[in-house]
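Structural overview
Chain residues, written in single-letter form:
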Amino acid sequence: MISIVIPVYNEEQNIRALSSRLFPVMDSLHRPYEVIFVNDGSKDSSLALLLNEYKARPEVVRVIDFNANFGQHTAIMAGFRASRGESVITLDADLQNPPEEIPRVAAELDAGHDAVGTIRKNRRDTFFRRTASRIVNKLMNRLTGFSLKDYGCMLRGYSRAIVDIINEAGEASTFLPALAQKFAGSPIEIEVAHSKREKGASKYNMFYLLRLYFDLMTAFTNIPLQLITMSGGVIFGLGVIMLRLDCVLSGFTVFCVGLVGEYVGRIYQEVRKRPRYVIRKIYEGRNIVNA
Ligand code: UDP
Ligand code: MG
């Protein structure tokens with residue numbers, strides 16, 4: 001069985017078009033599947049539209065409804081927990097990842113790859129987003145020792161084993177592609193088509209994106225912290241010799257405190273063991289009750 005997991009945040013303009021392309025693709029595979037939509041606290045009519053899909057296909061569609069917005073990766077994590085398939089494939093709801101590419105990802109999982117990453121061919125995003133990704137992809141590979149070409153494309157495949165490990169790890173902040181890469185025994189990356197977002201707007205503004213990148217970096221390596229500590233020592237030495245580095249030093253100090261705080265904050269989150277998301281309701285099975 002294949003589980004498709006789709007995070008949804010204010011995608012009312014895309015859900016119908018997505019479904020009209022997704023289900024034919026899934027039916028054409030002639031094998032059992034389920035589609036898990038995670039409604040990540042949408043404020044538009046996304047939930048109602050998702051429930052229409054559920055009512056039309058209660059044997060294959062499940063809808064997890066969060067009570068607030070917890071973020072794309074958290075939504076996927078909830079979908080992972082609910083998933084039952086031997087293969088789990090994630091997909092954006094805005095049709096930037098063509099559903100028609102799913103069979104190719106599924107084939108790589110069938111061939112024994114436990115983490116299937118994808119590289120967006122002719123990526124259709126803004127220059128700003130492409131540049132930011134280029135820098136982050138390079139930096140992450142340097143810092144983690146992985147060699148992924150595209151961390152950001154969220155059309156990805158995961159084997160049951162990897163999904164179970166991720167579920168068990170239960171990390172408070174998680175960038176899923178990197179987490180899967182860490183646990184995978186036989187990862188692969190394939191090229192897939194990419195479309196521009198036709199309807200609605202990207203949810204990642206500059207702030208949201210920076211938060212994601214920070215998450216990614218601090219969750220996977222302590223190297224930034226170590227570099228900072230070392231260069232702190234060097235700058236201290238220079239300061240002693242030259243006697244005029246007050247501006248540089250104060251700026252640097254603030255940055256260091258912020259970075260250290262980031263790790264400390266992370267530990268604090270882990271220690272609190274606060275749930276990462278709250279599910280209002282799960283719609284599943286044939287007995288549709290007050291849906
Ligand atoms: N998404 C979500 N929660 C969020 C932000 C985004 O579930 O807080 C979903 C969104 O509905 C879409 C996917 O994650 O299905 C990717 O979001 P988006 O298209 O805004 O990101 P971009 O393509 O700009 O990276
Ligand atoms: Mg998008």
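First, a word on what this report is: a plain description of the structure on this page.

About the cut-offs
Residues numbered from 1 in each chain as written. Chains lettered and ligands numbered in written order. Predicted model: local features only at pLDDT ≥ 70, side-chain atom pairs only at ≥ 80, totals over all residues. Heavy atoms only, no water. Donors = N, O, S within 2.8 Å, 3.2 Å for Na, K, Ca; no water. Buried < 20%, exposed > 50% of the residue type's maximum accessible area, 1.4 Å probe, protein only. Near = heavy atom within 4 Å. Polar contact = N/O pair within 3.5 Å; in protein donor to acceptor, adjacent residues only side chain to side chain. 1 Å grid on protein atoms, 1.4 Å probe; cavity = no way out; pocket = protein on both sides within 12 Å on 5 of 7 lines; lining within 4 Å. Sits in = over half its atoms within 2 Å of the grid points. Nonpolar A, V, L, I, M, F, W, Y, C, P; charged D, E, K, R; others polar. Helix = DSSP H or I, 4+ residues; strand = E, 2+ residues; numbered from the N terminus. Contact = heavy atoms within 4.5 Å. Salt bridge = Lys/Arg side-chain N within 4 Å of Asp/Glu carboxyl O. Core = buried A, V, L, I, M, F, W, Y, C linked by side-chain atoms within 4.5 Å.

What to know about the coordination of the magnesium ion (ligand 2)
At 1.9 to 2.0 Å from the magnesium ion (ligand 2) lie its protein donor atoms, namely Asp94 (OD) and Gln96 (OE1). Here the two residues Asp94 and Gln96 agree in accessibility, since each one is buried.

Considering the site of ligand 1
In the vicinity of ligand 1, 18 residues are found, and the nearest of them are Glu11, Asp40, Ser202, Lys203 and Tyr208. A distance of 2.6 Å separates an oxygen atom of ligand 1 from a polar atom in the side chain of Glu11. With respect to ligand 1, the backbone of Lys203 contributes an N or O atom lying 2.6 Å from an oxygen atom. Here ligand 1 is seated within the second largest pocket. In terms of residue class, the shell around ligand 1 is built from six nonpolar, five polar and seven charged.

Here we look at the environment of Tyr213
By secondary structure assignment, the location of Tyr213 is in helix H8 (residues 206-220). C-alpha separation for the pair Tyr213 and Phe175, spaced 38 residues apart in sequence, amounts to 8.8 Å. Apart from the residues lying within four places of it in its own chain, the contact partners of Tyr213 are Ala132, Ser133 and Val136.

Description of the pattern of salt bridges
With the rule as written, the count across this model stands at 16 salt bridges. The partner of Arg62 in a salt bridge is Glu284, with the nearest N and O atoms 2.9 Å apart. Residue Arg62 is located in strand S3 (residues 61-66), and its partner Glu284 is located in the segment after strand S8 (279-283); the two are separated by 222 residues in the primary sequence. Note on Arg62: relative accessible area 8%, which makes it buried. The class of Glu284 is partly exposed, set by a relative accessible area of 33%. We note a salt bridge from Arg84 to Glu284, for which the minimum N-O separation is 3.6 Å.

Notes on the nonpolar core
The biggest cluster of nonpolar side chains holds 37 residues, and the ones touching the most others in it are Phe80, Ile166 and Leu176. Of all the secondary-structure elements, those providing two or more residues to this core are strand S2 (33-39), S3, helix H3 (72-82), helix H5 (127-144), helix H6 (160-169), helix H7 (176-183) and H8. Those residues within four positions of Phe80 in sequence are excluded, and the remaining contacts are Val5, Val88, Thr90, Tyr158, Arg160, Val163, Ile166, Asn167 and Leu176. In terms of nonpolar packing, the next biggest core, distinct from the first, is built from 34 residues, Ile6, Leu18, Val60 and Val63 among them.

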